[in-house]
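# Structural overview for review
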There are 2 protein chains.
Amino acid sequence: MKPKLTLKQIARELDVSISTVSKALRDSSEIGEDTRQKIKAFAKLYNYRPNNIALSLKNRKTKTIGIIIPEIVHYFFTTVISGVEQVANEKGYNVIVCLSNNSFDKEVLNLELLANGSTDGFILSMAKETMQKEDYHHLTEVINQGMPVVLFDRVVDQIHCDKVIIDDVIGAKKAVQYLVDKGAKKIGLVSTVDYVSVGKLRTRGYLEVLRDNNVEVDEDLILKIEDMDNSETEIKEFIDKNDVDAVFAVNEHFAIHAIKAIQEKGLKVPEDVSVIGFTDGELSKRFIPSLTTVSQHGERMGAEAARLLIDKLERKPEEEESYKTVIVETSLVERNSTKS
Amino acid sequence: MKPKLTLKQIARELDVSISTVSKALRDSSEIGEDTRQKIKAFAKLYNYRPNNIALSLKNRKTKTIGIIIPEIVHYFFTTVISGVEQVANEKGYNVIVCLSNNSFDKEVLNLELLANGSTDGFILSMAKETMQKEDYHHLTEVINQGMPVVLFDRVVDQIHCDKVIIDDVIGAKKAVQYLVDKGAKKIGLVSTVDYVSVGKLRTRGYLEVLRDNNVEVDEDLILKIEDMDNSETEIKEFIDKNDVDAVFAVNEHFAIHAIKAIQEKGLKVPEDVSVIGFTDGELSKRFIPSLTTVSQHGERMGAEAARLLIDKLERKPEEEESYKTVIVETSLVERNSTKS
DNA sequence: TTTCAACACTCAAACGTTTGCGGAAAATAG
DNA sequence: CTATTTTCCGCAAACGTTTGAGTGTTGAAA
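The shown structure was predicted, so the numbers you read here are calculated from the model rather than taken from an experiment. (Residues numbered from 1 in each chain as written. Chains lettered and ligands numbered in written order. Predicted model: local features only at pLDDT ≥ 70, side-chain atom pairs only at ≥ 80, totals over all residues. Heavy atoms only, no water.)

What follows is about the sheet that holds strand β9 (residues 274-278) of chain A. Residue and element names in this part refer to chain A. Read across the sheet, six strands follow the order β7-β6-β8-β9-β10-β12 without closing on themselves; strand pairing throughout is mixed. Of all strands in the sheet, those with a lone pairing partner are β7 (222-225) and β12 (331-333), marking the two edges. Strand-to-strand twist in this sheet, taken as the mean axis angle between neighbours without regard to direction, amounts to 20°. The pairing of β9 with strand β10 (residues 292-295) spans three bridges and is parallel. Note on β10: the bridge partner recorded for Phe278 is Val294. Against the sheet, helix α10 (residues 197-212) engages β6 (187-192), β7, β8 (246-249) and β9, with an angle of about 165° to β6. Sheet contacts for helix α12 (residues 252-264): β6, β7, β8 and β9; angle to β9, the most-contacted strand, approximately 160°. (Pairing = 2+ DSSP bridges. Helix = DSSP H or I, 4+ residues; strand = E, 2+ residues; numbered from the N terminus. Axes fitted to C-alpha atoms, helices over the stretch in contact; angles between N-to-C directions. Contact = heavy atoms within 4.5 Å.)

Given below as structure tokens:
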């Protein structure tokens, strides 16, 4: 068990000063050719690697970025992480992942912890509880300390920072318009309650398409799920009660519950009823019938977020502050839950 | 933009020395009651938080653990992370996640990077490429430096360290025995090639059950998938060609491909053919029919791994070295892809 | 021989902490 | 009133780096 080589040990071993070693390894012209070679050879032989922590302290930057998400056991978030990780690694950054479990307190805790030197900046999607409380002081505080933050997916206007979002409204419109184009007349919507921003936006897209196509909105055909744990039975009742020829669901789970309910009602997907989901996850691909969905391109979102963050981190301080919001386009992936 | 309070600034502001501030904040009895109160009040008012990096350097420990996995867009791994994160957080540790993308080189790179001071220890599941190459020098080197490592899921005997695995053989036996008990006579196996250790072990479980029940092994009923990308068609051909009354698949995807193929052949699941998968993911729960599977309890594995690692990290140096392998039991989750 | 530049290297401070030790002032004892 | 203890605080080193300033030696020019 050899306890990790330091500059000091090399210096002692080779009978030079620490600074000589440091400079030699960094190819400074201050050091004579032969000592330089000698030191480099020694370092190589014993596989010297500078200590990251010491470097972080000295440079006042850690080269790591923190990503805080509500939960990790969720396809969309993992694709985002994947995207972040990819560009972060490319640019020499590490990624440290924290989970808020959708709890406000844990989000605050994580943020505080990482803000004390552990990371140079954050990529974050807000916890559900945070959005309900509308308490963002932990975020504004971190931003005030000069730490760059990029919000994605679940964002909020009150916070001034870079953001990466998808065109929820447009995405929903693409989906619903697609259904209309295929001849659907009575399109059901399975959404979430309105304080979940994505639910609200996707609902808006749904309404806009109906309006654009002069279809009257039937409030009975709109279901807003309050309690996720109870979504299956709620959806079943909704489908049983209403007579629809198409369903637009704001996520995968709602979509497959709808399909299940439709099938149990004795109808067929897509022959009798078409179904479109949102979020292109594992489930959509593998389900039978496979789901036509609006793909959110999580990986691309993560990559964009990482790029925004790193840009800000490596920006010269003289450049002036400016916040961007990049919108990642959604796309409709046609599969077997809709008529072709 | 206030640039983060340090001890030095507090000291200057209150006209005392840095050490006085430090000691006061740590409630040292060396400091007089009134100055102590004054300093603590000031620190609280301006929300002082010690700099983690400086602490890490001083204490020579970072209170973060690294987890390196082959890919994150994979249900099992996310549950493991979730488990790790939970107990790590409980004990005041951070988790930094790196992906090897199943590449040997990236695994080495990540390991080296994190080993240079960024983390106190590792939790790791090996990249496929690493297992093929059988080159573990990067791991042994890190271990030799005195950095604790816990391997999980994809482990290897050559490396001496703590390990967390599942009882692959027993899990497979549970599944296959279950099929036998339900009256299956011709049980197909859909597995992977043998250098993937889990494939090999699960195959062994399958064989043992057949032997224990005096069923003759029919090599035609065993499919070993080489190329994941081509698994769907391979499985379809396999099902079309062979007449089975049950299928045991070593993962979710193989299981649903089998179901799909069976259905396309005009047979019904579970009435005509029962199917059991391995790995209890999103897909198993949501698929129609939902899958009977062997659950791997990833979260529990992650938690165990984290506990092992932290134990080792906080162990007194005088205690002697010893490596444990904990086996996390699998359990059979009965759903609708098997006859009840 | 003196003067000065070039060279090769070392010193010391800094990043933000913690902590053993030493020291001055105040309190107590003799 | 001196001697000793106690109280309270500052100094400095340490963790592992980087880097500007400083120092000593050499060789060549004047």
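There is more to say after this.
In this section: the protein's contact with DNA strand D. Near DNA strand D you find 28 residues, and of these Lys23 of chain A together with Thr20, Lys23, Gly32 and Thr35 of chain B are the closest. Backbone atoms, meaning sugar plus phosphate, form 57% of the atoms of DNA strand D positioned within 4 Å of the protein. Elements supplying a minimum of two residues to the surface near DNA strand D: α1 (7-14), α2 (18-25) and α4 (52-59) of chain A together with α2 (18-25) and α4 (52-59) of chain B. Ranked by residue count, the leading element in the surface near DNA strand D is α2 of chain A, at four residues. A class-by-class count of the residues in the surface near DNA strand D yields nine nonpolar, nine polar and 10 charged. (Near = heavy atom within 4 Å. Nonpolar A, V, L, I, M, F, W, Y, C, P; charged D, E, K, R; others polar.)

What follows covers the relation of the copies chain B and chain A. Aligned on chain A, chain B shows an RMSD of 0.1 Å; the corresponding rotation is 180° and the shift along the axis is 0.0 Å. Such a combination of turn and shift is consistent with a two-fold rotation axis. For chain B, the minimum C-alpha distance to the rotation axis belongs to Ile96 of chain B and amounts to 2.0 Å. Interface overlap between copies is the fraction of interface residues in one copy that are interface residues in the other; for chain B against chain A it reaches 100%, indicating a shared surface. (Least-squares fit on C-alpha atoms with pLDDT ≥ 70 in both.)

What follows is about the pairing of strand β3 (residues 121-124) of chain B. Residue and element names in this part refer to chain B. Where burial is concerned, the two faces of β3 agree: the one with Gly121 and Ile123 and the one with Phe122 and Leu124 are both buried. Examined bridge by bridge, strand β1 (residues 64-69) and β3 share four bridges and lie parallel to one another. The partner of Ile68 across the bridge, within β3, is Leu124. Both β3 and strand β4 (residues 149-152) contribute to a ladder of three bridges, which runs parallel. Bridge pairing in β4 links Leu124 to Leu151. (Buried < 20%, exposed > 50% of the residue type's maximum accessible area, 1.4 Å probe, protein only.)

Our next topic: the pattern of salt bridges. Residues and elements named next belong to chain B. This structure, assessed with the given rule, holds 34 salt bridges over all chains. Here Asp162 and Lys312 are joined by a salt bridge, their closest N and O atoms 3.3 Å apart. Here Asp162, found in strand β5 (residues 162-166), pairs with Lys312, found in helix α14 (residues 298-314); they are 150 residues apart in sequence, far enough to count as distant. Given the relative accessible area of 3%, Asp162 is considered buried. (Salt bridge = Lys/Arg side-chain N within 4 Å of Asp/Glu carboxyl O.)

What follows is about the packing of aromatic side chains. Residues and elements named next belong to chain A. With the rule as written, the count across this model stands at nine aromatic pairs over all chains. Considering the side-chain rings of Phe77 and Phe152, the 6.2 Å spacing of their centres and the 75° angle between planes classify their relative orientation as edge-to-face. Of this pair, Phe77 sits in helix α5 (residues 75-90) while Phe152 sits in strand β4 (residues 149-152), and the two are 75 residues apart along the sequence. For the ring pair Phe248 and Phe278, a centre distance of 6.2 Å and an interplane angle of 55° mean the geometry is tilted. Of the two residues, Phe248 is situated in strand β8 and Phe278 in strand β9; the sequence distance between them amounts to 30 residues. The class of Phe278 is buried, set by a relative accessible area of 0%. Among the aromatic residues, ring-to-ring pairing joins Phe76, Phe77 and Phe152 into one connected group. Positioned above the aromatic ring of Phe278, the side-chain terminus of Arg202 is 3.7 Å from the ring centre. (Phe/Tyr/Trp six-rings, centres within 6.5 Å; stacked < 30°, edge-to-face > 60°. Lys NZ or Arg CZ within 6 Å of the ring centre and 35° of its normal.)

Let us look at the sheet that holds strand β8 (residues 246-249) of chain B. The strands that make up a sheet pair up through hydrogen bonds in the backbone, lying either parallel or antiparallel. Residue and element names in this part refer to chain B. Taken in spatial order, the six strands of this open sheet run β7-β6-β8-β9-β10-β12, and their pairing is mixed. The sheet terminates laterally at β7 (222-225) and β12 (331-333), the two strands that pair on one side only. Direction aside, neighbouring strands of the sheet carry axes that sit 20° apart on average. When strand β10 (residues 292-295) meets β12, the two strands line up antiparallel, connected through three bridges. When the sheet's bridge partners are listed, Ser295 is paired in β12 with Ser331. Packed onto the sheet, helix α9 (residues 168-181) meets β6 (187-192), β8, β9 (274-278), β10 and β12 and runs at close to 170° relative to β9. Against the sheet, helix α12 (residues 252-264) makes contact with β6, β7, β8 and β9, and its axis sits at roughly 160° relative to β9, the strand it touches most.

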